[in-house]
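Coordinates in review
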There are 2 protein chains.
Amino acid sequence: MPVFDQTEYKERVKKTKEAMQAKGIDLLVVSQPANMNYLTGYDGWSFYVHQCVLVSLNQEEPMWLGRGMDANGAKMSTHLNHDNIRQYADHYVHSTVRHPMNFVADVIKEKGWDKGSIGVEMDQFYFTHRSFVELEKDLPNAKFVDGDVLVNWVRAIKSDKELEFMMRAGKIAEKVMDAAIENINVGVRECDAAAEIVRVQYQGTDGHAGDYPSIVPLMMAGEATKAPHLTWSERKFKSDEAVLLELSGVYRHYHAPIARTIFLGQNPPQLMKDTAEVVMDGLQKTLDFIKPGITAEDVEAKWRDAISHSTVVKESRLGYSIGLNYPPDWGEQTISLRPGDKTVLKKNMALHLIPGIWYEDVGFEIDASIYLTDDGNVSLFNYPIQLFTK
Amino acid sequence: MPVFDQTEYKERVKKTKEAMQAKGIDLLVVSQPANMNYLTGYDGWSFYVHQCVLVSLNQEEPMWLGRGMDANGAKMSTHLNHDNIRQYADHYVHSTVRHPMNFVADVIKEKGWDKGSIGVEMDQFYFTHRSFVELEKDLPNAKFVDGDVLVNWVRAIKSDKELEFMMRAGKIAEKVMDAAIENINVGVRECDAAAEIVRVQYQGTDGHAGDYPSIVPLMMAGEATKAPHLTWSERKFKSDEAVLLELSGVYRHYHAPIARTIFLGQNPPQLMKDTAEVVMDGLQKTLDFIKPGITAEDVEAKWRDAISHSTVVKESRLGYSIGLNYPPDWGEQTISLRPGDKTVLKKNMALHLIPGIWYEDVGFEIDASIYLTDDGNVSLFNYPIQLFTK
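Residues numbered from 1 in each chain as written. Chains lettered and ligands numbered in written order. Predicted model: local features only at pLDDT ≥ 70, side-chain atom pairs only at ≥ 80, totals over all residues.

Before going further, it helps to examine the overall build of chain A. Helix and strand content of chain A: 10 helices and 17 strands. Relative to the compact-globule value of 21 Å for 390 residues, chain A shows a C-alpha radius of gyration of 22 Å, a close match. Across its three principal directions, the C-alpha atoms of chain A cover 70 × 45 × 40 Å. Across the 390 residues in chain A, those meeting the buried criterion constitute 59%. Contacts spanning at least 24 positions in sequence make up 70% of the contacts within chain A whose residues lie at least 6 apart. (Helix = DSSP H or I, 4+ residues; strand = E, 2+ residues; numbered from the N terminus. Rg over C-alpha atoms; globule rule 2.2 N^0.38 Å. Buried ≥ 20, exposed ≤ 12 C-beta atoms within 10 Å, placed from the backbone. Contact = placed C-beta atoms within 7 Å.)

Before going further, it helps to examine the sheet that holds strand 1 (residues 27–30) of chain A. Residues and elements named next belong to chain A. Pairing in this open sheet of six strands is mixed, and the strands run 4-3-2-1-5-6 from one edge to the other. Looking at strand neighbours, the two that pair on one side only are strand 4 (85–88) and strand 6 (143–146), the edges of this open sheet. Averaged over all adjacent pairs, the angle separating strand axes in this sheet is 25 degrees, with direction ignored. With four bridges connecting them, strand 1 and strand 2 (residues 52–56) associate as antiparallel partners. The residue bridging V29 from the neighbouring strand is L54, located in strand 2. (Pairing = 2+ DSSP bridges. Axes fitted to C-alpha atoms, helices over the stretch in contact; angles between N-to-C directions.)

This brings us to the interface of chain A and chain B. Contacts between the two partners involve 61 residues from chain A and, on the opposite side, 60 residues from chain B. Secondary-structure elements contributing two or more residues to the side of chain A that touches chain B are helix 3 (71–77), helix 5 (129–138), helix 8 (190–203) and strand 11 (331–337) of chain A. It is helix 8 of chain A that contributes the most residues to the side of chain A that touches chain B, eight residues altogether.

We now examine the sheet that holds strand 10 (residues 319–322) of chain B. All names here are of chain B. The strand order 11-10-12-15-16 describes an open sheet built from five strands, whose pairing is antiparallel. Lying at the two open borders of the sheet, with one neighbouring strand each, are strand 11 (331–337) and strand 16 (377–379). Sheet twist, expressed as the average angle between the axes of neighbouring strands with direction ignored, equals 35 degrees. Of the strand pairs in this sheet, strand 10 and strand 11 are connected by three bridges, and their pairing is antiparallel. Paired with Y320 across the strands is S336, a residue of strand 11.

This brings us to the domain arrangement of chain A. All names here are of chain A. According to the domain assignment, chain A contains domain 1 (6–155) and domain 2 (160–389). Taken over C-alpha atoms, the centre of domain 1 sits 33 Å from the centre of domain 2. At the interface, 10 residues of domain 1 touch nine residues of domain 2. Where the side of domain 1 that touches domain 2 is concerned, the elements lending two or more residues are helix 2 (33–40) and helix 6 (150–155). Considering each element in turn, the side of domain 1 that touches domain 2 owes the most residues, four residues, to helix 2. (Domains from an automatic or database assignment.)

Further remarks concern the relation of the copies chain A and chain B. Mapping chain A onto chain B calls for a rotation angle of 180 degrees and an axial translation of 0.0 Å; the resulting RMSD is 0.0 Å. Interpreted geometrically, this transformation is the action of a two-fold axis. Residue H129(A), judged by its C-alpha, is the member of chain A lying nearest the rotation axis, at 1.9 Å. When the interface residues of chain A are mapped onto chain B, 98% of them are again interface residues, pointing to one common binding face. (Least-squares fit on C-alpha atoms with pLDDT ≥ 70 in both.)

Moving on: unusual backbone geometry. The peptide bond linking P327(A) to P328(A) adopts the cis configuration, its omega dihedral lying at 15 degrees. Relative to the helices and strands, P328(A) resides in the loop between strand 10 (319–322) and strand 11. The phi torsion at N348(A) lies on the positive side, around 70 degrees, for a residue other than glycine. Positive phi, normally seen in glycine, also occurs at H253(B), with a value near 75 degrees. As for its position among the elements, H253(B) is in the loop between strand 8 (242–251) and strand 9 (254–263). C-beta crowding within 10 Å serves as the criterion here: with 23 such atoms nearby, H253(B) is assigned to the buried category.

So, about the nonpolar core. Of all hydrophobic cores here, the largest spans 259 residues; its most connected members are A169(A), V176(A), V243(A), A169(B), V176(B) and V243(B). Contacts of A169(B), omitting those with residues within four sequence positions, involve G249(B), V250(B), Y251(B), Y254(B), H255(B), A256(B) and L380(B). (Core = buried A, V, L, I, M, F, W, Y, C linked by C-beta atoms within 7 Å.)

This brings us to the packing of helix 4 (residues 100–110) of chain B against helix 5 (residues 129–138) of chain B. Residues and elements named next belong to chain B. Where helix 4 contacts helix 5, the axes come no closer than 9 Å and their chain directions differ by 40 degrees. In this view, helix 4 runs oblique relative to helix 5, as classed from their interaxial angle. Once helix 4 is placed against helix 5, the crossing between them reads as right-handed. The segment helix 4 lies against helix 5, with M101, N102, V104 and A105 engaging S131, E134, L135 and D138. Split into classes, the residues belonging to the contact of helix 4 with helix 5 amount to four nonpolar, two polar and two charged. (Parallel < 35°, antiparallel > 145°, perpendicular 65-115°, else oblique. Left-handed = near helix turned anticlockwise from the far one by under 90°. Nonpolar A, V, L, I, M, F, W, Y, C, P; charged D, E, K, R; others polar.)

The subject of this paragraph is helix 5 of chain A. Within the sequence span of helix 5 of chain A, burial applies to H129(A), R130(A), S131(A), F132(A), E134(A) and L135(A). On its buried face, helix 5 of chain A sits against helix 4 (100–110) and strand 5 (117–120) of chain A together with strand 5 (117–120) and helix 5 of chain B.

Following the sequence through the fold, G376(A) ends up in the loop between strand 15 (368–372) and strand 16 (377–379). The spatial distance from the C-alpha of G376(A) to the C-alpha of L287(A) is 8.6 Å, given a sequence separation of 89 residues.

Residues and elements named next belong to chain B. Between helix 9 (residues 270–289) and helix 10 (residues 296–306), the shortest axis-to-axis distance is 8 Å and the interhelical angle comes to 145 degrees. Two packed elements cross with a definite hand, and for helix 9 against helix 10 that hand is right-handed. Together, D281, G282, K285, T286 and F289 of helix 9 and V299, K302, W303 and A306 of helix 10 make up the contact between the two elements.

In the predicted model, chain A carries a mean pLDDT of 96, and the fraction of residues at 70 or more is 100%. Interface confidence in the predicted complex, given as ipTM, is 0.96; pTM for the same model is 0.97. (pLDDT = per-residue confidence, 0-100.)

Residue and element names in this part refer to chain A. Take P62: it is sitting in the loop between strand 2 and strand 3 (63–67). We classify P62 as buried; it has 24 C-beta atoms within 10 Å. Spatially, the C-alpha atom of P62 lies 22 Å from that of T128, the residues being 66 residues apart in sequence.

Let us look at helix 8 (residues 190–203) of chain B. The terminal C-alpha atoms of helix 8 of chain B, which comprises 14 residues, lie 20 Å apart, in line with the 20 Å expected from a rise of 1.5 Å per residue. Backbone geometry just downstream of helix 8 of chain B places G204(B) in the positive-phi region, at approximately 75 degrees. (Expected span 1.5 Å × (residues − 1).)

Given below as structure tokens:
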């Protein structure tokens, strides 16, 4: 039942240990659900309670630590030896007198891993301030260091198998956007359109089940186009309004985000048409430029240069690294396409370019989800780059 | 566009300030998305970046602080004076050289709130260890104290308007479970059933849009009934297997969780039938007992007593407080129905009772979502308490 074979996970753990050694980390406490999945295969909507994977330089296999009722899920979804699956009792959950990290500290002490340098994911959601306080209190001999985004950076370069999964997600993304364009019509309630979109997200294709995306369908219409992260309501779509769509196809937690803009009428405002032209042309020029060896900030500079003849301004970052993820974000929190990010792009990295432009009354969004090849890049999906009118 | 009128939010802020005074907290940094929504109305899938609401005893209105692109969403979804909506620049997002909490600290200093006692939500996801480190570094004159679950406890007692919303969620829950029972059949892919379920979750009823639940549909079938938090795949349902369903109807982030068990065949194993009888009878006796004045542990004791004549054992907690929530959890992290929880139940509290029983080969789940009235309790939905066979 684990999604990949054991070789794949061993390779990931090996790379993680190399990164740990480079940072002087003996033991890494991995709390972020995508990182836990990446290292072990562990899957399950159990990340509303504390859980973690321990990676020690002194043991080949990682350990999974979580709530008792989730231990069977760990046995089923990982290759881990059952000795490396440890469960805490239910009275640790949302208790005022004990904390799951006390249990984690006990296991660390039992293994004799409490005297070295312990890395924690300082700025990952799912590793709270209290998690740190409890570990620090229970492990007085340890030296704590920041291991934030260490596994995220290992995730940045995908295996061929992972890219195959992302291409499957891309196939689903095409169907998802088709469903959006088909179902968003004047007079339709936003919630009913969202329902048809998410249905296809979960269904997937004939061969491959869809998965829940790390972000729900975002469909900003009318006045809400000014506010990029609002969700749906009973409100009905009106004629001559724009709908900005940020969606994704997902296969086994691997994402292929897809964004397009629909105008519900035959005559979009001139500003929207002009913006769309500039943005689509700039995006295409940027895509033609992306290949291994250039930096993240080079990509953004190319984009800025490509639109410099216009009045379009994009203030937020142009894009970021994508792949395996769980709610609340499909971004990997590593590469950001923006000035100052000097990450050199490599083969098998995957990026989401999302130039969203918002004026006071008009917005336009379109995107590209790609991965880098030997000498260029490939799109995860085949979908028209255009402003849709209907 | 805010969901409730200003009076409702003012009352919530007033109660929060009373709880702050009782704990000696001058300023509370609220990071949990449901708490942020509760205090201001702020809504949006923006909780993948750092954001917060500040509640100060020295200012009537709370402040919203978040990413620049989400400020319009804050203006649209809250009653806040625009002076109390503050936005940080995009280069704070996933940066290695600056952190959104540096911006939060700047605002706290500007307001002169940096010399008193500052409460932080120590164990809420969305408030990371790094969030704390940055605040502590930037605010050397402040005394930091634990303000964890302070707002969650204010949320525990619902207003009549909130209960109306939960009853709407209950109506949606009925439709959601109908969709599950209709679409789960031998030979159907799990993902296709999940797709039909989530469709109804988002659609809602004719009058009221559904909302995204804080937990995706959980449908454990076959071997996976041993692992309560696994999600769907391409796998097809088989004859003579059980499917355990944990779903929810949701209206404007208010939840009515609903759980039932289906057996795909006419002859469930005797152990399952016997367990179902015991659990359903025990649940009914427990429901008959719940009213204001008893404690959370009294409820669990009643349940344990009601099933004591049988061999059924429920090791994890029997239930918890529910209401407004965002992913990853619909539980409020306050009341737990288990030994040791001496919370006295009050009118307008809402509870989810979920006696899930798992043996090595057989599982059974059923639930009740209720709120307390003057002298008893009322169910959020009207759905048969039975083991479904088909």
